[in-house]
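Examining the three-dimensional arrangement
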Amino acid sequence: GAGVSQTPSNKVTEKGKYVELRCDPISGHTALYWYRQSLGQGPEFLIYFQGTGAADDSGLPNDRFFAVRPEGSVSTLKIQRTERGDSAVYLCASSLGPQQGQDTQYFGPGTRLTVL
Amino acid sequence: AQRVTQPEKLLSVFKGAPVELKCNYSYSGSPELFWYVQYSRQRLQLLLRHISRESIKGFTADLNKGETSFHLKKPFAQEEDSAMYYCALKGSYQKVTFGTGTKLQVIP
């Protein structure tokens, strides 16, 4: 079946602009995660959704970052007033949810964001 | 706080040689440990988790709570094992912390 998809695959923007990154999880997966991966680093946790609600947003770096998942499926990561330091690959992952026992996260291909 | 350390950025071994990718962690409770792998031009994917105590593609990893380590091992490296490997930790909640990764290069 279809895996996690993310759009766009690449996004180039100018400093100060607003961007939205989209994640389509695997159908039926209630848990959704956003990570940010900078060059030479491992994925860094940003936010975790269980259903429609953000169960843990402790990884969001500041109030310029916001994420929504209004219907418990597709999620959008929103970044306001982008800065050059926001340049990274943004990864999305989904899973069946913690109540399912061994809960495997399936990752999308990522969106490469470049802020000029 | 939870932390994962992978001391080697690059590990080069010859085909057929044993492989050990090091991972140390810091967490005050009982963590769940994972190894993820990313092959060239592919997505990040789960390789194995400590609670399953399984061997995947010949790789094994044992959780050593005394040394707070979760090293990944394989007795005989294959060329197709060349990839980026990330150790990861999940604590009491769903937040997963990844290490910085080790690039494994298997030389033919």
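Use the structure listed above.
Let me sum up the structure you'll find in this document. The residue numbering used here restarts from 1 in each chain and proceeds along that chain's sequence as written. As they are written, the chains are lettered A onward and the ligands numbered 1 onward, keeping that order. With pLDDT at 70 or above as the cut-off, local features in this predicted model cover only qualifying residues; side-chain atom pairs require 80 or more to be listed or tallied, and sums for whole chains, interfaces and linings still use all residues. Note that water and hydrogens are dropped before the side-chain values are worked out from all heavy atoms of the structure.

**Section: the overall build of chain B**
Under the DSSP-based scheme used, a helix requires at least four consecutive residues in state H or I and a strand at least two consecutive residues in state E, with every element numbered from the N terminus. Within chain B one finds zero helices and 11 strands. In terms of C-alpha radius of gyration, chain B reaches 13 Å, essentially the compact-globule figure of 13 Å for 108 residues. With respect to the three principal axes, the spread of C-alpha positions in chain B is 40 × 30 × 25 Å. Relative to its full complement of 108 residues, chain B shows a buried share of 45%. Each radius of gyration reported is based on C-alpha atoms, and the globular scaling rule is 2.2 Å times the count of residues to the power 0.38. With a 1.4 Å probe rolled over the protein chains alone, any residue whose accessible area is under 20% of its type maximum counts as buried; one over 50% counts as exposed, and the rest are partly exposed.

**Overview of the nonpolar core**
A general tendency of soluble globular proteins is for nonpolar side chains to be buried together. Core analysis: the largest hydrophobic core is formed by 25 residues, its most contacted members being B:W35, B:L47, B:L48, B:F70, B:L72 and B:Y85. Secondary-structure elements contributing two or more residues to this core are β2 (10-14), β3 (19-21), β5 (32-38), β6 (45-49), β9 (83-90) and β11 (102-107) of chain B. Counting residues per element, this core draws most heavily on β9(B), which supplies four residues. In these notes, a set of buried Ala, Val, Leu, Ile, Met, Phe, Trp, Tyr and Cys residues joined through side-chain atoms within 4.5 Å is what counts as a nonpolar core. Ranked by size, the runner-up nonpolar core spans 19 residues in total, among them A:W34, A:L46, A:I47 and A:A67.

**Regarding the sheet that holds strand β7 (residues 65-68) of chain A**
Residues and elements named next belong to chain A. Across the sheet, four strands lie side by side as β1-β3-β8-β7; this open sheet has antiparallel pairing. Both edges of this open sheet fall to β1 (5-7) and β7, since each of them pairs with a single strand only. When strand polarity is set aside, the average angle formed by the axes of neighbouring strands in this sheet is 15°. For two strands to be treated as a pair, DSSP must find at least two bridges joining them. As paired elements, β1 and strand β3 (residues 19-24) share three bridges and run antiparallel to each other. Counted as the bridge partner of T7 is R22 from β3. Here, axes are lines fitted to C-alpha atoms. For helices the fit covers the stretch in contact, and angles between N-to-C directions go from 0 to 180 degrees.

**Some words on the layout of surface pockets**
In this structure, the largest pocket encloses a volume near 750 Å³. Broken down by secondary-structure element, the contributors of at least two residues to the lining of the largest pocket are β9 (88-95) and β11 (111-115) of chain A together with β9 and β11 of chain B. The residue classification treats Ala, Val, Leu, Ile, Met, Phe, Trp, Tyr, Cys and Pro as nonpolar and Asp, Glu, Lys and Arg as charged. All others, Gly included, are polar. For the lining of the largest pocket, the class distribution of residues is 12 nonpolar, 15 polar and four charged. Of the two site types, the cavity is a set of points on a 1 Å grid over the protein atoms alone where a 1.4 Å probe fits but cannot get out, and the pocket is an open set with protein on both sides within 12 Å along at least five of seven lines, each lined by residues with an atom within 4 Å of a point. Grid points are joined across faces, edges and corners, and a volume is the space filled by probe spheres set on the points. Considered as a void within the structure, the second largest pocket measures approximately 210 Å³ in volume. Taken together, the elements giving at least two residues each to the lining of the second largest pocket come down to β4 (31-37) and β5 (44-50) of chain A together with β10 (96-98) of chain B. With three residues, β10(B) is the largest single contributor of residues to the lining of the second largest pocket.

**Digging into the side chain of B:Q6**
Residues and elements named next belong to chain B. Within the secondary structure layout, Q6 lies in the loop between β1 (3-5) and β2. Look at Q6 and you get buried, because its relative accessible area is 5%. Reaching out from Q6, the side chain makes a polar contact with the backbone nitrogen of G101 at a distance of 3.1 Å. We call two residues contacting when some pair of their heavy atoms lies within 4.5 Å. Leaving out residues up to four positions away in the same chain, Q6 has contacts with K22, W35, Y85, Y86, C87, G99, T100, G101 and T102. Polar contacts, as counted here, are pairs of nitrogen or oxygen atoms within 3.5 Å of one another; within protein the pair requires one atom able to donate a hydrogen and one able to accept it, and residues that are adjacent in sequence qualify only if both atoms are side-chain atoms.

**A closer look at the interface of chain B and chain A**
The interface of chain B with chain A comprises 16 residues on the first partner and 21 residues on the second. Of the roughly 1,600 Å² buried where chain B meets chain A, counting both sides, 50% is carbon and sulfur surface. Where chain B touches chain A, the interface holds four residue pairs in polar contact (both at pLDDT 80 or more). For the side of chain B that touches chain A, the secondary structure elements donating two or more residues are β6, β9 and β10 of chain B. Of the residues contributing to the side of chain B that touches chain A, the split by class is seven nonpolar, four polar and five charged. The term buried area refers to how much accessible surface (probe radius 1.4 Å) is lost by two components on association, counted for both of them together.

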